[in-house]
Amino acid sequence: MTHGTVLLLAIFIPAGVTFLIAALGNRPNLRDSASVLAAVATFIAVLMLLGPVMAGARPEIALFEVMPGLLLAFSIEPLGMLFAVVASGLWIVTAIYSIGYMRGAGEKKQTRFYICFAIAISGAIGIAFSANLFTLFVFYEILTISTYPLVAHKETPEARAGARTYLAILMTTSIGFLLVGVVWVWNIAGTLDFRAGGILDGKLDPSFAPFLLALFAFGIGKAALMPFHRWLPAAMVAPTPVSALLHAVAVVKAGVFTMLKVGTYIFGVGFLSKTGAAEWLMWLAAASILIASIVALTKDDLKARLAYSTVSQLSYITLGVALANQMGVIGGSMHIATHAVGKITLFMCAGAIYVAAHKTKISELDGLGRKMPITFIAFTIAALSIIGLPPMGGAWSKWYLMLASADAGQVAMIGVLMLSSLLNVAYLLPIPARAFFAAPSAMPAHSLGAAAAPDNRIEEAPLLCLVPICVTAIGCIVLFFAIGGLYEFLLHIPILPETTP
Amino acid sequence: MLAMIEANLPALQVVLPMLAAPICAVLGRGTRSWTLTMAVVVLTFAVSVSLFIATLDGATISYRMGNWAPPFGIEYRVDILNAFVLMVVSGIALFILPYARASIAFEISEERQPLFYSAFLLCLTGLLGVTITGDAFNIFVFLEISSLSTYALIATGAERNKRALTAAYNYLIMGTVGATFFVIGIGMLYMVTGTLNLADLAQRIVEHGDSSTLRMGFVFILIGVGLKLAMFPLHLWLPNAYSFAPSAVTAFIAATATKVAIYVLLRFMFTVFGFDYDFQAATLRHVVLPLAIVAMFAASIVAVFQDDLKRMLAYSSIAQVGYMLLGLALLSHTGLMASVIHLFNHAVTKGALFMVAGCYIFAAGTSSISGLRGIGRDMPWTTAAFVTAGLSLIGLPLTVGFVSKWYLVLAALELNWWPVALLIMASSLLAIVYIWRVVETAYLQPSPEGVVRKEAPLWMLLPTWGLAALSVFFGTYAALTTAAASRAATALISASNMLWQ
Amino acid sequence: MEELLFDLGFVLTHYNYWMFVVLMMTGLYITVSYGNLVKKIVGLNIFQTAVFLFYVSTGKIVGGTAPILTDDPDAVYSNPLPHVLILTAIVVGIATTALALALVVRIRETYGTVEEDEIIALEHEMDAAIGGER
């Protein structure tokens, strides 16, 4: 098989498997195994490409021409490879987890759920591998549409309202700003291909660069840059696996990945730093980091707190782009991986708590750590990773982002990053602390009619939920020690224009 | 024999449906008259396809009606632009008719059906005649043939809702005023030039030079055609006419009648008056452009608040006409291209949407949106067609709507009119609102108690899906439409540039 | 010749065009302002007839005779084409009037009135009835 074929397989296995899932709708066991198998197959296909890409190959394939000059085409570079590995790898974990969760929580319409899930993964990998901005936009919208039924899954009025906000903000930004930005680029550059060093240098009047960048920064609503972050908390009405994969990994990471891609391959880091077009974006990202963290502090709902934490963490990556140097890009891309692994663990823990104990509020978690030790240990590990303490993976991405700030001469940004870490401590660590150390709720008889005496029997979530949590929690630690390889890999992201020999 | 048919193709295009119309009226039974109509429509479509192929390379076919030499005799003149429109009109008819069989049998009593098909054929005759003829007065005559039969067709909706009568009456008054304005305009051109042949008019207008008579002629024609194409604020007849007409009629006239009027406008503005006629350019930029933008917003906002699906789509049509007018008011090659593409794209998309509305009326007896709760579960195929065409109306990538938006925005950005570009996108966000309101009601709201709804019959479903599929097909493979539109725009511009310079 | 602000001669020699304007405006006014559906049609007819006059006027050539071929080689003929066009337009106008009257008959049968305001009131009642069911 040529690399091009494998590339297409990686994108279209998840899309193709939807037919199988639909056909097996009446046989839950077969259907769910089909979903897991597809996840594994996709991951294998992505891994088959990893080797060649690390060796310097750039597999590419063009499907067809949609409009004159606009091709639906794919090509892989290190950044996209990283995103694809993260998305497809975590899909396996989530696929297994969702079986446990969806059955444990007794959700309806599971077939529709798995179908939309698979399409969303297709969309995410399509984004990762797209060779030009047009292809990226196509898959970006596919991702938006396919996740809408997932967010609205429960079909309650709250779910509908949340899904409406979700769709409204993502569509508004993508059609209202992003598409205009894309057409603008096409108009001045005559191409939409991602090229090393960008395609705008010498074609775009530097005084317009900040406006074009704004169209992208706000247009990529999935990056949840303030003030277009509202969809992320709204989407938390979705079942937890959706929140976990899509809103900690696929959707939001598709957003920041697009930011990175646009910053590196459309504008070009050199162009951005030369013109200072991204300076405002840096400050906005910094504000977004801090404000979202503070908002997170005020949230009692566990998933809402995690959602705001995500808003804050995503802006790290936007900040990496805005710093406009190589370290920033590396730190940003690294954060895609480390934050994904950390945040998915946190979300899956939240889901496990819901399935096992039916708790969604942080204030209700007192003493729960003794019943669900594994869940909360995993939660702690992941929280430490998000905060950025060694020996967790998150430490490195923050480290490189700080290096990037220093490189760019933005000392204030180092301060922002440090302050943000403190805020992370303040909103994340109390959760396991309460669970482990606080006395169980003083109320003798809970509304559910639980016994008055605190019992410390282990009541963990189903095994299918627990295993994925452990895997990703260990992943947080592994990332810390494996970072050297990742760094080497990310150094291959071309920053400067290729010099033609 | 074959050579004779080939030589007389332009005449056959109009004569076939015209001769069939009276025969149809005396056939006496619905099935028989339907069969005849279907056969004629198939032939008509075949003729228009062969005309399109013949003109695709830029050739112009000139046909002398009754062998009288132009400019004295009536000339049928086919170039790429009107061959394209002919194909759209007859193609839409080809999709509507199979659909009409069941839909009309449901909505109109048996003894009136032959008359209905007779009026339908007359309407088709008129629309094709307007498009194919190269004689200004002949355009008026055919325009009235199509309009008069349209009034009658709309009035046949009275069997379901008596308001169809007043809708038809109001349309008649406004349409006749419009047609008479159009005639006055032609009369003024005739005063100035002494000719009615379009090509001849173009030459003589330039020889004559600018004058107040010419300007008045232009204004009368603009207003007259503006009434026919529902140019805001001359659109008042449209919502009622579309809402109360039988579903098949609504789908047909929504997809064709306004498009043909747009064609007439294009033809007069660019072939007759000339692309660089100063007075026209000023009118377009200072009057038509703002009106188009207002239409895009005002009509879309009104659409958001409609409860009746057909009425909502009718207002959406007014907004979409705004896009076409905007494209031509930009006065650039890309702008014209956008208009011509959108003419086709909107015909396909809106045709499909109105056909879905008809399916709902057939199966659920209502087209009120609040009556469609949960219909996505009872009529999955119909509703899926609605979503597909709806996404196209919004303008998501890989649908035809995206192609239109792309070229419109590109045209605006080429002129550096970025506020217009942003406004275009902002107005399509309103389309998200009104389309998604229906989608949400259809899928996520519980069905009303005790309502039995079955999927629409296959003969209605297939054409509906045919158009919905076309809207995706020409969105993913837009090379054909863009090439045709680009050549049409080039033809319009190059002919007139020679005139005034 | 000095420029005149108000060239009486011009106005008088073009009196047919002035009549066209007056008739056209009258017709349009009746069509727009009258509430009776039949009167609207009458207005429409006046409006159309005005246009017929306009066309025929454009075909007139001063000193021209009827366009019938004579033996006189110097004969000046009026332009026959507008007359022919207007024959067609008259047919279109009659068809329009017939259809409009047919519609009015149907409206009268179903609504029981041909007054626009009463019809609108009836339609509002229908809307309210539909709204009430919901």
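Worth saying up front: this structure is predicted, and the values here are computed from it rather than measured. (Residues numbered from 1 in each chain as written. Chains lettered and ligands numbered in written order. Predicted model: local features only at pLDDT ≥ 70, side-chain atom pairs only at ≥ 80, totals over all residues.)

1. Details of the nonpolar core
Inside soluble globular proteins, nonpolar side chains tend to come together where they are buried.
Thought 1: Counting 448 residues, the largest nonpolar core has Ala87(A), Phe84(B), Ile154(B), Ala168(B) and Val409(B) as its most contacted members.
Thought 2: Apart from residues lying up to four places away in sequence, Ala168(B) is in contact with Tyr151(B), Ile154(B), Ala155(B), Ala241(B) and Leu103(C). (Core = buried A, V, L, I, M, F, W, Y, C linked by C-beta atoms within 7 Å. Buried ≥ 20, exposed ≤ 12 C-beta atoms within 10 Å, placed from the backbone. Contact = placed C-beta atoms within 7 Å.)

2. Points about the packing of helix H7 (residues 163-193) of chain B against helix H8 (residues 198-208) of chain B
Residues and elements named next belong to chain B.
Thought 1: Contact geometry of H7 with H8 gives a least axis separation of 9 Å together with a crossing angle of 60 degrees. In terms of orientation, H7 lies oblique with respect to H8. For the pair H7 and H8, the sense of crossing is left-handed. For the pair H7 and H8, contact is made by Leu189, Val192 and Thr193 and by Leu201, Arg204, Ile205 and His208, respectively.
Thought 2: Of the residues contributing to the contact of H7 with H8, the split by class is four nonpolar, two polar and one charged. (Axes fitted to C-alpha atoms, helices over the stretch in contact; angles between N-to-C directions. Helix = DSSP H or I, 4+ residues; strand = E, 2+ residues; numbered from the N terminus. Parallel < 35°, antiparallel > 145°, perpendicular 65-115°, else oblique. Left-handed = near helix turned anticlockwise from the far one by under 90°. Nonpolar A, V, L, I, M, F, W, Y, C, P; charged D, E, K, R; others polar.)

3. Overview of the pairing of strand E1 (residues 60-67) of chain A
Remember that side chains alternate between the two faces of the sheet whenever the strand is regular.
Residue and element names in this part refer to chain A.
Thought 1: Where E1 meets strand E2 (residues 70-75), six bridges bridge the pair, whose relative direction is antiparallel. Bridging from a neighbouring strand, glutamate 60 pairs with serine 75 of E2.
Thought 2: Counting the residues between successive antiparallel strands, the hairpin from E1 to E2 contains two residues, one of them, glycine 69, with a positive phi of roughly 90 degrees. (Pairing = 2+ DSSP bridges.)

4. Re the interface of chain A and chain B
Thought 1: At the junction of the two partners, chain A supplies 22 residues and chain B supplies 25 residues.
Thought 2: When residues of the side of chain A that touches chain B are traced back to their parent elements, those giving at least two are E1, helix H5 (133-151) and helix H6 (157-189) of chain A.
Thought 3: It is H6(A) that provides the largest number of residues to the side of chain A that touches chain B, a total of twelve residues.
Thought 4: In terms of residue class, the side of chain A that touches chain B is built from 15 nonpolar, three polar and four charged.

5. Observations concerning the interface of chain B and chain C
When the parts come together, some accessible area is lost, and that loss is often what is quoted as the size of the interface.
Thought 1: With 25 residues of chain B in contact, the opposing surface of chain C contributes 25 residues.
Thought 2: Those elements giving two or more residues to the side of chain B that touches chain C turn out to be helix H6 (136-155) and H7 of chain B.
Thought 3: A per-class count over the side of chain B that touches chain C returns 17 nonpolar, five polar and three charged.

6. Regarding unusual backbone geometry
Thought 1: That bond from Met226(A) to Pro227(A) is cis: its omega, 5 degrees, falls within 30 degrees of zero.
Thought 2: Of note, Pro227(A) is situated in the loop between helix H7 (209-219) and helix H8 (231-234).
Thought 3: Note the cis peptide between Phe232(B) and Pro233(B), where omega equals 0 degrees.
Thought 4: Along the chain, the position of Pro233(B) falls in the loop between helix H9 (212-228) and helix H10 (238-244).
Thought 5: The backbone phi angle of Ala224(A) is positive, close to 55 degrees, even though this residue is not glycine.
Thought 6: If you trace the backbone, Ala224(A) turns up in the loop between H7 and H8.
Thought 7: Looking at Ala224(A), the number of C-beta atoms within 10 Å reads 30, which means it is buried.

7. Comments concerning helix H14 (residues 333-364) of chain B
All names here are of chain B.
Thought 1: Look at H14: 46 Å from first C-alpha to last across 32 residues, which is about the 46 Å you get at 1.5 Å a residue.
Thought 2: Counting buried positions along H14 gives 31 out of 32 residues, so the element sits mostly inside the fold.
Thought 3: Looking at the residues trailing H14, positive phi occurs at glycine 365, about 75 degrees. (Expected span 1.5 Å × (residues − 1).)

8. Quick notes on the confidence of the model for chain C
Parts of the prediction with low pLDDT should not have their coordinates interpreted in detail.
Residue and element names in this part refer to chain C.
Thought 1: On average, residues of chain C carry a pLDDT of 84, and 92% of them reach 70 or more.
Thought 2: Taken element by element, chain C is modelled with least confidence in helix H1 (residues 8-13), mean pLDDT 76, and with most confidence in helix H4 (residues 81-111), mean pLDDT 91.
Thought 3: Two summary scores accompany this predicted model of the complex, namely pTM at 0.90 and ipTM at 0.90. (pLDDT = per-residue confidence, 0-100.)

9. Regarding the confidence of the model for chain A
Residue and element names in this part refer to chain A.
Thought 1: Of the residues in chain A, 96% have a pLDDT of 70 or more, and the chain-wide mean is 85.
Thought 2: Predicted confidence in chain A is weakest over helix H14 (residues 368-371), with a mean pLDDT of 82, and strongest over H5, with 91.
Thought 3: A low-confidence stretch, residues 444-453 (pLDDT under 50), is modelled with two contacts involving residues beyond four sequence positions or located in other chains.

10. Some words on the packing of H14(B) against helix H17 (residues 400-414) of chain B
Residues and elements named next belong to chain B.
Thought 1: Contact geometry for H14 and H17: axes closest at 8 Å, N-to-C directions at 160 degrees. Considered as vectors, H14 and H17 are oriented roughly antiparallel to each other. As H14 packs across H17, the resulting crossing turns out to be left-handed. For the pair H14 and H17, contact is made by Thr334, Gly335, Met337, Ala338, Ile341, His342, Asn345, Val348 and Thr349 and by Val400, Gly401, Val403, Ser404, Tyr407, Leu408, Leu410, Ala411 and Glu414, respectively.
Thought 2: Looking at the contact of H14 with H17, its residues break down into ten nonpolar, seven polar and one charged.

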